[in-house]
Amino acid sequence: MNINSTLLTIRHELIRRLGLKGALGLALIVLTVLILLLIAPRLQKEAGQTRLQTAAQLKALNSDRQVRQKTPETGDQIAQFNAWFPAIGRNAEDLRRILEVADRVKLVINKGDYQISGDTGMAFVKYEVVLPVKANYGTIRNFVAGVLNTVPYASLVELRMERPAANNDVLDARIHFTLFYREI
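Note on numbering: residues in each chain are counted from 1, in written sequence order. Note on the predicted model: pLDDT of at least 70 is required for a residue's local features to be given, and 80 or more for side-chain atom pairs to be given and counted; whole-chain, interface and lining totals, by contrast, use all residues. Side-chain measures here rest on the full set of heavy atoms in the structure, leaving out hydrogens and waters.

**What to know about the packing of aromatic side chains**
What counts as a ring pair is set by centres within 6.5 Å for rings of Phe, Tyr and Trp (its six-membered ring), and what kind of pair is set by the plane angle: stacked under 30 degrees, edge-to-face over 60, tilted for all other angles. Following the criterion strictly, the structure yields seven aromatic pairs and no others. Measuring from ring centre to ring centre gives 4.7 Å for Phe 85 and Phe 124, while their planes differ by 70 degrees; the resulting arrangement is edge-to-face. Here Phe 124 lies in strand E2 (residues 124–135) and Phe 85 lies in the loop between helix H2 (74–84) and helix H3 (91–104), a separation of 39 residues in the sequence. The cut-offs for exposure are 20% and 50% of the maximum accessible area for each residue type, with area from a 1.4 Å probe on protein chains only; residues under the lower value are buried, those over the upper are exposed, and the others partly exposed. Assessed through its relative accessible area of 10%, Phe 85 is described here as buried. Ring geometry for Phe 143 against Phe 177: centres 6.1 Å apart, planes inclined by 70 degrees, an arrangement best described as edge-to-face. With Phe 143 in helix H4 (residues 137–150) and Phe 177 in strand E4 (residues 171–182), this pair connects stretches of sequence that are 34 residues apart. The class of Phe 143 is buried, set by a relative accessible area of 0%. In this text, helices come from DSSP runs of H or I with a minimum length of four residues, and strands from runs of E with a minimum of two, each type numbered from the N-terminal end.

So, in structure tokens, the structure goes:
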């Protein structure tokens, strides 16, 4: 008796006892076990390599954190903070940028009040910009957001809006920004 006839006999006997569905299920289980036996060593090897890479990256990250955790001296922090602000000589360029934002959102600025203030011996100078405008709410909102995004050292001090009539969507607004600069 050869192997082929033995395998055929076993197959017919399994189908007779388990039925076709049972024999297919058993074949799938055997196939799954064989695949796991062939693939499992490769997966274990890849998992080991991944663990080594993760450990190396974690070590590098921890050493980087230790370097970053060293806080500079207070005087250095203050100097770094002050250096972030531009010098007062940049105020004309910033006004131009504010007007560009107004043009982009289609806001008409007919006039504005500008005033420089600062105490002697202080590290910062305040440049006050007050703009009276007439526009709808969306235009005013887009203008204020655009200025604050374009000039990050500006702050919105006041935004006053009045509606002259209940059925009118044009608002009379007073927008007050303060721009902060370093003294030269």
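**Some remarks on H4**
Between its terminal C-alpha atoms H4 stretches 20 Å, which fits the 20 Å expected from 14 residues at 1.5 Å a residue. All buried positions along H4 are accounted for by Thr 139, Ile 140, Phe 143, Val 144, Gly 146 and Val 147. The buried residues of H4 occupy an angular sector of 165 degrees when projected down its axis, which confines them to one face. In this analysis, the expected span of each helix is defined as 1.5 Å times one less than the number of residues it contains. To obtain the arc, one takes the directions from the helix axis to the C-beta atoms.

**A look at the packing of H3 against H4**
Where H3 meets H4, the axes come as close as 9 Å, and the angle between the chain directions of the two elements is 145 degrees. By crossing handedness, the relation of H3 to H4 is classed as right-handed. Facing H3, whose interface residues are Arg 97, Ile 98, Val 101, Ala 102 and Arg 104, H4 presents Phe 143, Gly 146, Val 147 and Thr 150. When residues are grouped by polarity, Ala, Val, Leu, Ile, Met, Phe, Trp, Tyr, Cys and Pro land in nonpolar, Asp, Glu, Lys and Arg in charged, and all others, Gly among them, in polar. Residue composition of the contact of H3 with H4, by class: five nonpolar, two polar and two charged. Every angle, taken between N-to-C directions, lies between 0 and 180 degrees, and every axis is a line fitted to C-alpha atoms, over only the stretch in contact when it is a helix. Crossing handedness: left-handed means the near helix sits turned counterclockwise from the far one by under a right angle, and right-handed means the same turn made clockwise. In what follows, residue pairs with any heavy atoms lying within 4.5 Å of each other are defined as contacts.

**A closer look at unusual backbone geometry**
For Lys 106, which is not glycine, the phi dihedral falls at a positive 65 degrees. Counting through the fold element by element, Lys 106 comes out in the loop between H3 and strand E1 (113–117). The class for Lys 106 is exposed, based on a relative accessible area of 69%.

**Examining a nonpolar patch on the surface**
Two joining distances apply to patches: 9 Å for like charges and 5 Å for nonpolar side chains (Val, Leu, Ile, Met, Phe, Trp, Tyr), and every residue must have over 30% relative accessible area and no salt bridge. In short, Shrake-Rupley with a 1.4 Å probe defines the accessible areas, and a residue's cover is counted only from the protein chains shown. When a carboxyl oxygen of Asp or Glu lies within 4 Å of a side-chain nitrogen of Lys or Arg, that pair is called a salt bridge. On the surface, Ile 3, Leu 7, Ile 10, Leu 14, Leu 18, Leu 26, Ile 29, Val 30, Val 33, Leu 34 and Leu 37 cluster together into a nonpolar patch covering about 1000 Å² of accessible area. Relative accessible area serves as the criterion here: at 32%, Leu 14 is assigned to the partly exposed category.

Shape is all these values report; function is a separate question.
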